[in-house]
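# Coordinate analysis (summary)
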Amino acid sequence: MRIIHTADWHLGRIFYGVRLIQDQAYALDQFINLVREAKPDAVVIAGDVYDRAVPPPEAVSLLDETLSRLVIDLRTRVILIAGNHDSPERLGFGTRLLSQSGLHVAGRVGLDPVWTTIPDAHGTVSFCTIPYAEPALVRERLGNPDLPDHAAAMRAVIAKARETRPRGTRSVLVAHALVIGSEESESERPLSVGGTGAVEPSVFDGFSFVALGHLHRPQRAGNDRIHYSGSLLQYSFSEAAHIKSVNLVELDAAGRCHLERIPLTPRHAVRCVTGTLEALLSAPAGNDADDYLSVTLLDKGPVFDPIGRLRSKYPNVLELKRMERLGRGDQAASRVDYRSLSDREIFTSFFQTVKGEAASEDEINAYLGVVERLHALERESQP
Ligand SMILES: [Mn+2]
């Protein structure tokens, strides 16, 4: 059985004001060519297909076009789940109709795990899909009030999947989850606001292969059978060093898997560069001058119109930082980049500043509860 595993396309994403839809179409073209050449038995997309619950029309068109090419033109089965950025109901529209054509979409978490069986030369492989779900929803669906957080909800759903696994077949689990010990990036929205929501790799015992979405760096998670494919593109400057790829997985007759990462070439790479304005402007122009850049200037003292001058040579400078500020006195030295802090850290630091005392656990949890509800509302109402 040959499987191509990808995830975290985030179609419709906007990066520092730039709509990435053309970059996404460019990468998906490569992806389709790869599928055409590799002829997999199944393509697995492990969540965060869209960047938000109500995606822009061009993102819906791109997904429609991509899935049609895969399923109709290349006659490839596609298994697709909702991630924490997707709306389960919207993504799940037409699920029963589409499954007849070979497009298997798991939007909402159901009462029972959904298994899809695909034949190969050695028998059959069963795929179980576990879309992202809020703990409250899992409690309701499973009729189990005793699932306090994300990790507990995930364990319960996977336990149910393991129980219902068809006997005597090799099995693949497709999920959107955070595994303890994995490496996170700045462009991932936390699965849960309070706590990490991370599960231990052992919850995935018993499956031949586990195809995960959520983390944007391609990586194995705990053991050789559990992998993140990583995202389609670099979606933050923290990912400048990532080589984005998809996983080509071969599952043999005994259920052992062999995995190879196939790199994707971006239309514009995301890079961080450092130097004085003069040095950057006089550097020889390469064909990577239109990459998406974060520039850190080393100049001391005032510099006239740095962004305008940089953009005459590097049209896609998206972020400009000055090195100098860091060392200028105590006040400047204590500057913190709030984007890199968790909600908990921001709240406790704010509380300390305003009240002059540390926040209690109860106060922190009350605040995080409100943030969690706001995130849930936002998922449904973002334009
Ligand atoms: Mn994601």
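Just so it is clear, the model here is predicted, and its values are computed rather than measured.

A cluster of nonpolar side chains, namely Val370, Leu374 and Leu377, defines an oily patch on the protein surface of about 290 Å² accessible area. Among the secondary structure elements, Val370 is positioned in helix α11 (residues 361-381).

With that settled, the discussion passes to the coordination of the manganese ion. Protein ligation of the manganese ion involves Asp8 (OD), His10 (NE2), Asp48 (OD) and His216 (NE2), the donor distances falling in the range 2.0 to 2.4 Å. Mapped onto the polypeptide sequence, the residues donating to the manganese ion form the spacing pattern D-x1-H-x37-D-x167-H. For the pair formed by Asp8 and His10, the shared burial category is buried.

Now for the confidence of the model for the protein chain. Looking at the protein chain as a whole, its pLDDT mean stands at 90, while 94% of the residues score no less than 70. Under a pLDDT of 50 for its full length, residues 326-333 has, in the predicted model, 3 contacts with residues more than four places off or in other chains.

Turning our attention to helix α8 (residues 306-313). Of the residues making up α8, those classed as buried are Pro306, Leu310 and Lys313. Viewed along the axis of α8, the buried residues span an arc of 55 degrees, placing them on a single side of the element. Where α8 is buried, its residues contact α7 (277-282), β18 (292-297) and β19 (317-322).

All chains considered together, the criterion is met by 8 aromatic pairs. On the numbers, 5.7 Å between centres and 75 degrees between planes, the contact of Trp9 with Phe31 is edge-to-face. With Trp9 in the loop between β1 (2-6) and β2 (14-15) and Phe31 in helix α1 (residues 21-38), the pair connects residues that are 22 residues apart, well separated along the chain. What makes Trp9 buried here is its relative accessible area of 0%. Residues Phe15 and Tyr292 carry aromatic rings whose centres are separated by 6.2 Å and whose planes lie at 65 degrees to one another, so their mutual orientation is edge-to-face. You can see Phe15 sitting in strand β2 and its partner Tyr292 sitting in strand β18, a full 277 residues away along the chain. Members of the aromatic cluster, connected to one another through ring pairs, are Phe15, Tyr16, Phe237 and Tyr292. Just above the ring of Phe207 sits the side chain of Arg165; from NZ or CZ to the centre is 5.8 Å.

Criteria and thresholds
Per-chain numbering applies: the sequence of each chain, read as written, is numbered from 1 onward. Reporting in this predicted model follows two pLDDT cut-offs: at least 70 for local features of residues, and 80 or more for side-chain atom pairs to be given and counted; totals over whole chains, interfaces and linings ignore these cut-offs and use all residues. As a convention, hydrogens and water are excluded, and side-chain values are obtained from all of the structure's heavy atoms. A patch consists of residues whose relative accessible area exceeds 30% and which take part in no salt bridge; residues with like charges are grouped when within 9 Å of each other, and nonpolar side chains (Val, Leu, Ile, Met, Phe, Trp, Tyr) when within 5 Å. For the accessible areas, the method is Shrake-Rupley and the probe is 1.4 Å, while residue cover comes only from the protein chains on display. Between Lys or Arg on one side and Asp or Glu on the other, a salt bridge is scored when a side-chain nitrogen of the former is within 4 Å of a carboxyl oxygen of the latter. Strands here are runs of E lasting at least two residues and helices are runs of H or I lasting at least four, both read from the DSSP assignment and numbered beginning at the N terminus. Distances up to 2.8 Å from the metal define which N, O and S atoms are donors, and 3.2 Å serves for Na, K and Ca; water is absent from the atom set, so sites may look incomplete. Each residue is placed in one exposure class: buried if its accessible area under a 1.4 Å probe, protein chains only, is under 20% of its type's maximum, exposed if it is over 50%, and partly exposed if it falls in between. The pLDDT value expresses, per residue, how confident the predictor is, ranging between 0 and 100. Any two residues having at least one pair of non-hydrogen atoms within 4.5 Å are treated as being in contact. The directions considered for the arc are those from the helix axis to the C-beta atoms. Pairing of aromatic rings covers Phe, Tyr and Trp, the last counted by its six-membered ring, and requires centre-to-centre distances within 6.5 Å; plane angles under 30 degrees mean stacked, over 60 mean edge-to-face, and any other angle means tilted. Remark: a charge is flagged as sitting over a ring if the NZ atom of Lys or the CZ atom of Arg is within 6 Å of the ring centre and within 35 degrees of the ring normal.

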